[in-house]
Amino acid sequence: MSRGDLAELTRIIRRIEAKSRQRPPAEPGRSPAHTLESLLGGEIEETERGGLLVVRRRFPVEHRHGAQSLRAARDAAPEALALLSRDGAPAEAHRLLYLDTETTGLAGGTGTYAFLVGVGFFDGDEFEVRQFFMRDLDEEAALLTALEAMFRRFDGFVTYNGVGFDLPLLETRFVLGRRRFPGEAYHVDLLGPARRLWSARLADCRLGTVEQSVLRFIRDQDLPGALIPTVYFEYLRRKRPDQLPRIFEHNRHDILSLAALTGWVADAVVRAPVPDLDPEALAGLGRLLEAADPERSLACYRMALDEGLTAPFRERVLLRLAQGEKRRARWEEARALWEAVIAAPREFDPRPWEEIAKVHEHRRRDLAAARTVVEEALALARHHRASDRVLAAFEHRLERLVRRLDRALDPRDAAQPA
Amino acid sequence: MQIRELLDELLTSLETGPLISAVRHFEARPAVFAPFPSSLDPRIVETLKARGIEQLYSHQATAFETAAKGEHLVVVTPTASGKTLCYNLPVLQALAQQPEARVLYLFPTKALAQDQLAELTELARSLPDMRMFTYDGDTPQDARRSVRARANLVLTNPDMLHSGILPHHTKWVNLFQNLRYVVIDELHAYRGVFGSHLANVLRRLKRICRHYGASPQFIMASATIANPGDLAQRLTGEPVVELTESGAPTGEKTFMVYNPPVINPELGIRAPYLGEASKLAARFLRQKVATIVFCQSRLSTEVVLSTIKKMVEDRTGDSGIVRGYRGGYLPLRRREVEQGLRSGEVLGVVATSALELGIDIGHLDLAVLAGYPGTIASMWQQAGRAGRRSGESAAVMVATSSPMDQYLAAHPDYLFGAPPEHARINPENPFILINHVKCAAFELPLGAGETFGGDVTAHLAALEEEGVLHRAGEHFHWSAETYPADHISLRTVTSDNFLVIDTTARDAKQAKRRQIIAEVDWKSAFAMIYPKAIYMVEGEPFEVQELHYREDEEKVAYVKKVVVDYFTDAITAKGVWILQRLGRQETPGLLAEQGEVLVAEKVVGFKKIKMGTLENVGSGEVELPQQEMQTTSAWLTIDPGLLGRISSRRDDLVDGLRALTHLLHSLAPIFLLCDIRDVGSWLGDGSPAQTGQVVTRETMRAQLLQGETFTPTIYLYDNQPGGIGLAERIFEVLPDLLARGLETLEACGCRSGCPSCVGPVNEVGRQAKPIARAILKFLVPRR
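Values in this document were obtained by computation on a predicted structure and should not be read as measured data. (Residues numbered from 1 in each chain as written. Chains lettered and ligands numbered in written order. Predicted model: local features only at pLDDT ≥ 70, side-chain atom pairs only at ≥ 80, totals over all residues.)

## Focus: the overall build of chain A
Link 1 in the chain: For chain A, the count of helices and strands is 18 helices and nine strands.
Link 2 in the chain: Sequence-distant contacts in chain A: of pairs separated by 6 or more residues, those separated by 24 or more amount to 62%. (Helix = DSSP H or I, 4+ residues; strand = E, 2+ residues; numbered from the N terminus. Contact = placed C-beta atoms within 7 Å.)

Encoded structure:
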């Protein structure tokens, strides 16, 4: 077949496409009752590469997003943010840009557009959310121009999963548009700290879940993220913008949550340990502080235990505490913690057994006690069908202990059972 | 013993001598050398000298100079002629002199890329700052970023370029901005569907390069085919210089055709060729002659391997000197065999065409081809696996009983004299093209007037109507959530596959296990895995319990292990209808046409056939949907007047025409670089009443017998949806195809049909052969 006529091709393509998609038949486009600008409350801004729609909203720093005000984010101590970023401390917290994108899909690659990019920033006593929107896909050059100018005014970004999604996607768009993306700028990705703090307690660590439980912010009729590409494509094809405000609102809430959550976390790491936090979050703060402030980290762990942290998180904290004691060579304290771990009914974990045996053998010089521990561990390991590697390690240790005991003991005693 | 003596013994022995139907002797040819080009970087010269290379073969020097002039080129030289230096020299030169230059190598398989990386690393040892990496499905995720950032030479395959590199071109800015050369080795592998896809992938590659301001030069290498330059131009869309003169020396070589003895003259049955090939190979292996045996399928590889192992075992006490090599073996095992062959530890190897591609296995003395590999090009490739730059080597082709093999055994002049086949591609296949238009739009919005190979305005409009593209201003943008390359395989036209799942274990343990034992492509599924069909995997029979094929469900066949003594053969109803006539040629007695057709097929039942005796022991009915495909076809309508003069009996004429259809179909691949299954055939009616109404062969026969008019038409169609250029070629070579058909019938010793010409007599009818012959005699002009 040579290049066929349109009808034939349409038929062919329809069959190819039929598998993956189902679309309702096109309705005749209704002309919008009002302009896009008035519907979305924004205005058209011109750049050297054409116009785009920009929507601005300003909030006083006292604005409460759920139970949290925005002020804490503006006033966050750089040292507090240093605990949340791989890049260390920012110069000033209020020179960061809170960023979230809405895209035409999650597939990645060069065919996924960021059609709405929302940024939030502090301006004196106000927090502004500014949203840049492509009214059609050919406004990308204008969008990138506007963003580039915006990015230049700030020191870095705060995102939620920006490392994995928003920033690489924007970088792709910038490269396509032949522009330089500030990829090396300072960056706080809150997803990491959020996982440390809440994965123990929450079903997942999506922003929507965290904001509800931590910030007590409830979205009213939120547009689910998964529907956003569909809504945008519908708008493009039928020029029907009626659902667009819901995307803008969704994006705005994401940015407000991002700022509020930054404030919450920055505040918590400064105040910790405080008993008004739940034990899981205290344990998470202990993790965040471990390297920077070991004393406060230990205090957080202890308070988490006092506040009734439950399994299996309790054992994880006990292990970390024991690790801390070991580092200080406080062997008896460490041993007590490891013994607390093995006393708890849970999955078999070889590490505390091994550590206790080592304390008996090397520190207390009590070979018999070490042997008893290893024998018990080995029995448990076999019962729990531990890996060959684990079994071999215990067997090896036991063999060595038996050899050393034989050598150390009087032959008459050696004949007797231990 | 010298190979010369062994060959003489084969020729003169009373047992084997008469079975050698042809011998050709090829004289040794001395090397033609050329000095190192003066511009060649001294460090490269140094390395070559360190490896004992004091001067180049003439074709290597010519390739270097052609590349230096900035021209695209394709080098066509035989196996073991040092063709890799033809592209490695210009590439290393560029990298040595321009640190920012980037180069992309494409190989059809991952293994070849690995091989070539090892060779390049050796060659580039004394050059500074060479950062060469493979980038394919085996590259670990965490290593990919560093390859993208660091590599100045990337070795990959078309599939990875298509789905992993082009759609992420922004991550490869450095590569695309500075892309100096694109090297494509094993060019002949890119034919048919794969080649049609590659041509489109290269259109996309060039488009991305243009976006970043680069225009790379293509350096290609191909085994001998009829149209390397033409194929290279079609693939790259650029004018290409063809270099075919090899300066490499070749040793003396003998090529023989061995035709297994006839053991049943009445039915025209010959001794099984696999057994004969095994015997021949064992005979030479016992005398310590390094031997490679090429088989046509994975199954026959295993059969021949075990037969040879048994034969050589009793003499050497160990059969480890003979190994197998085929697709499906794990890479580690393959590497082990390759290494063993190079070191000489392995003396013999039984392989599929997987070893035909440029894997380095050192030099062997004898190649045994168990059956004609389907193409002249492949035959020379396989024969070329035995051969040293000095000293003697040989190749023996053992003929099967197919019409093609028997024709070649009887016409050695044709075999040795025929030009190799044309590699055909059709980048404009609508299914293939439309998929790559989607990928291209995903990569960069397509301009409203932009061409993609040719004009694609209609394609863009259609894709917009379907909603996967969106026009904004002067550009069409990708506007779907999907990643189109993920759904497009370069190895098929359409990508739906059926999974075959073994439920035997599930019944026993009630465990929800998905034991996938095979994959069957959409096209063959209905003829192979219909309910109650026996599906064989490695010799074990499974019965199909259920087949799920509806649009909204996962495509699977559930099968269960059974103990049966029969296999099943599908009864298919078919129909072919002409949609559009594009070419026409009238000669006395014959109207030949070419164009687009609709082919419909439907499996309506099956026969149970007893293993061993091949008796029909039962049958069953099947309820399956009809499959339709639009494709290209050539078709022949023979003048009813002529038919009337040949016989007055319509039934005999139909038998003769059926026989003719079978014959032309089996001989067509002589002219095409393709497999026999890539072409379909059907004897239908030129003026059918109901389009879309499929019939079985028997019903078709009845219809032809009873029809008011008698206009039987022979269709030879391209078996890929949309066509990949085979039908057009058949139409072009039709006079030659008919002549080959007549020669085959005349050379065949059987009286009324055998598997080697028109098919077994008990299937085709007593009059089939004489009538087919009479028709051909009239249609083929006397020489």
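## Points about the overall build of chain B
Link 1 in the chain: For chain B, the helix and strand inventory stands at 26 helices and 34 strands.
Link 2 in the chain: Against the globule reference of 28 Å for 783 residues, chain B gives a C-alpha radius of gyration of 28 Å, in line with a compact fold.
Link 3 in the chain: Each of the three principal axes of chain B carries a C-alpha extent, and together these read 80 × 75 × 70 Å.
Link 4 in the chain: The buried share of chain B, taken over its 783 residues, is 49%. (Rg over C-alpha atoms; globule rule 2.2 N^0.38 Å. Buried ≥ 20, exposed ≤ 12 C-beta atoms within 10 Å, placed from the backbone.)

## Details of the environment of Ala659 of chain B
Residues and elements named next belong to chain B.
Link 1 in the chain: Note on placement: Ala659 falls in helix H22 (residues 650–667).
Link 2 in the chain: Accessibility expressed as a C-beta count within 10 Å gives 29 for Ala659, which makes it buried.
Link 3 in the chain: C-alpha of Ala659 to C-alpha of Glu481: the two residues are 178 residues apart in sequence and 52 Å apart in space.
Link 4 in the chain: In this structure, Ala659 is in contact with Gly753, Val758, Gly759, Val764, Ala768, Lys769 and Ala772, ignoring residues within four places of it in sequence.

## Here we look at the packing of helix H4 (residues 83–97) of chain B against helix H5 (residues 110–123) of chain B
Residue and element names in this part refer to chain B.
Link 1 in the chain: Taken N-terminus to C-terminus, the directions of H4 and H5 make an angle of 55°; their axes are 11 Å apart at the nearest point. When the interaxial angle is binned, H4 and H5 end up oblique. The two elements H4 and H5 cross, and the hand of that crossing is right-handed. Together, Thr84, Asn88 and Leu92 of H4 and Gln116, Glu119, Leu120 and Leu123 of H5 make up the contact between the two elements.
Link 2 in the chain: Class assignment of the residues belonging to the contact of H4 with H5 gives a composition of three nonpolar, three polar and one charged. (Axes fitted to C-alpha atoms, helices over the stretch in contact; angles between N-to-C directions. Parallel < 35°, antiparallel > 145°, perpendicular 65-115°, else oblique. Left-handed = near helix turned anticlockwise from the far one by under 90°. Nonpolar A, V, L, I, M, F, W, Y, C, P; charged D, E, K, R; others polar.)

## Brief notes about the nonpolar core
Link 1 in the chain: In terms of nonpolar packing, the biggest core is built from 191 residues, with Val368, Ala370 and Val398 of chain B touching the most fellow members.
Link 2 in the chain: If sequence neighbours within four positions are ignored, Ala370 of chain B has contacts with Tyr273, Leu274, Ala277, Val293, Phe294, Cys295, Gln296, Ser300, Val304 and Val398 of chain B.
Link 3 in the chain: If you look at the next biggest cluster of nonpolar residues, it comprises 106 residues, including Phe127, Ala281, Met303 and Val359 of chain A. (Core = buried A, V, L, I, M, F, W, Y, C linked by C-beta atoms within 7 Å.)

## Looking at the sheet that holds strand S16 (residues 348–351) of chain B
All names here are of chain B.
Link 1 in the chain: If you trace the seven strands from one edge of the open sheet to the other, you get S1-S11-S18-S17-S14-S16-S15, paired in mixed fashion. Each end of this open sheet is capped by a strand with a single partner; those strands are strand S1 (20–26) and strand S15 (322–325). With direction set aside, neighbouring strand axes in the sheet form an average angle of 15°.
Link 2 in the chain: Across four bridges, strand S14 (residues 291–294) lies against S16 in parallel orientation. Looking at S16, one finds that Thr291 is bridged to Gly348.
Link 3 in the chain: This element, helix H1 (residues 3–12), spans S1, strand S11 (253–258), strand S17 (366–370) and strand S18 (393–398) of the sheet and lies at about 150° to S1. (Pairing = 2+ DSSP bridges.)

## Overview of the pairing of S11 of chain B
All names here are of chain B.
Link 1 in the chain: In terms of burial, S11 is a largely internal element, six of the six residues being buried.
Link 2 in the chain: Residues Lys253, Phe255 and Val257 of S11 are buried on one face, and the alternating residues Thr254, Met256 and Tyr258, pointing to the opposite face, are buried as well.
Link 3 in the chain: As paired strands, S11 and S18 are joined by six bridges and run parallel to one another. Paired with Met256 across the strands is Val396, a residue of S18.

## Notes on the confidence of the model for chain A
Where the model shows low pLDDT, its predicted coordinates should not be examined in detail.
Link 1 in the chain: Predicted confidence across chain A gives a mean pLDDT of 87, with 89% of residues reaching 70 or more.
Link 2 in the chain: Below pLDDT 50 for its whole length, residues 413–418 of chain A participates in four contacts with residues either more than four positions away or in separate chains. (pLDDT = per-residue confidence, 0-100.)

## Details of the sheet that holds strand S9 (residues 217–222) of chain B
Residue and element names in this part refer to chain B.
Link 1 in the chain: Sheet architecture is open: seven strands sit in the order S6-S7-S5-S8-S9-S4-S10, paired in parallel fashion. Because the sheet does not close on itself, it has two edges, and the strands there are strand S6 (132–134) and strand S10 (240–243). Pairwise comparison of adjacent strand axes, ignoring direction, gives a mean angle of 15° for this sheet.
Link 2 in the chain: Pairing of strand S4 (residues 72–76) with S9 involves four bridges; the strand directions are parallel. Within S9, the position partnered with Val76 by the bridge is Ser222.
Link 3 in the chain: The strands touched by H5 within the sheet are strand S5 (102–106), S6 and strand S7 (153–156), with S6 carrying the most contacts at an inclination of about 170°.

## Concerning the pairing of S17 of chain B
Residue and element names in this part refer to chain B.
Link 1 in the chain: Of all five residues making up S17, five are buried, and the element is well covered by its neighbours.
Link 2 in the chain: Residues Leu366, Val368 and Ala370 point to one face of S17 and Ala367 and Leu369 to the other, with burial holding for every one of them.
Link 3 in the chain: Here S17 runs beside S18; their pairing, made up of five bridges, is parallel. Bridge assignment links Leu366 to a residue of S18, and that residue is Ala394.

## Notes on the packing of helix H24 (residues 726–747) of chain B against helix H26 (residues 768–779) of chain B
Residue and element names in this part refer to chain B.
Link 1 in the chain: In contact at an axis separation of 9 Å, H24 and H26 are set at 135° when each is read in the N-to-C sense. The orientation of H24 relative to H26 falls into the category oblique. When you trace H24 past H26, the crossing you get is left-handed. For the pair H24 and H26, contact is made by Leu738, Gly741, Leu742 and Leu745 and by Lys769, Ala772, Arg773, Leu776, Lys777 and Leu779, respectively.

## Focus on the confidence of the model for chain B
Residues and elements named next belong to chain B.
Link 1 in the chain: The predicted model of chain B averages 86 in pLDDT, with 93% of residues at 70 or higher.
Link 2 in the chain: Ranking the elements of chain B by mean pLDDT puts helix H19 (residues 504–509) last, at 60, and strand S8 (residues 179–184) first, at 98.
Link 3 in the chain: Scored as a complex, the prediction yields pTM 0.81 and ipTM 0.80.

## What to know about unusual backbone geometry
Link 1 in the chain: For the peptide bond that leads from Ala272 of chain A to Pro273 of chain A, omega is 0°, which places it in the cis range.
Link 2 in the chain: Within the secondary structure, Pro273 of chain A is located in the loop between helix H10 (244–271) and helix H11 (279–289).
Link 3 in the chain: In this model, Glu186 of chain B sits at a positive phi of 55°, which is unusual for a non-glycine residue.
Link 4 in the chain: Here Glu186 of chain B is to be found in the loop between S8 and helix H9 (192–211).
Link 5 in the chain: In the Ramachandran plot, Lys532 of chain B falls in the positive-phi region, its phi being about 80° despite a non-glycine side chain.

## Overview of the environment of Pro588 of chain B
Link 1 in the chain: Turning to its location among the elements, Pro588 of chain B is positioned in the loop between strand S29 (566–587) and strand S30 (590–610).
Link 2 in the chain: When the C-alpha positions of Pro588 of chain B and Arg645 of chain B are compared, they lie 14 Å apart, and in sequence the two are 57 residues distant.

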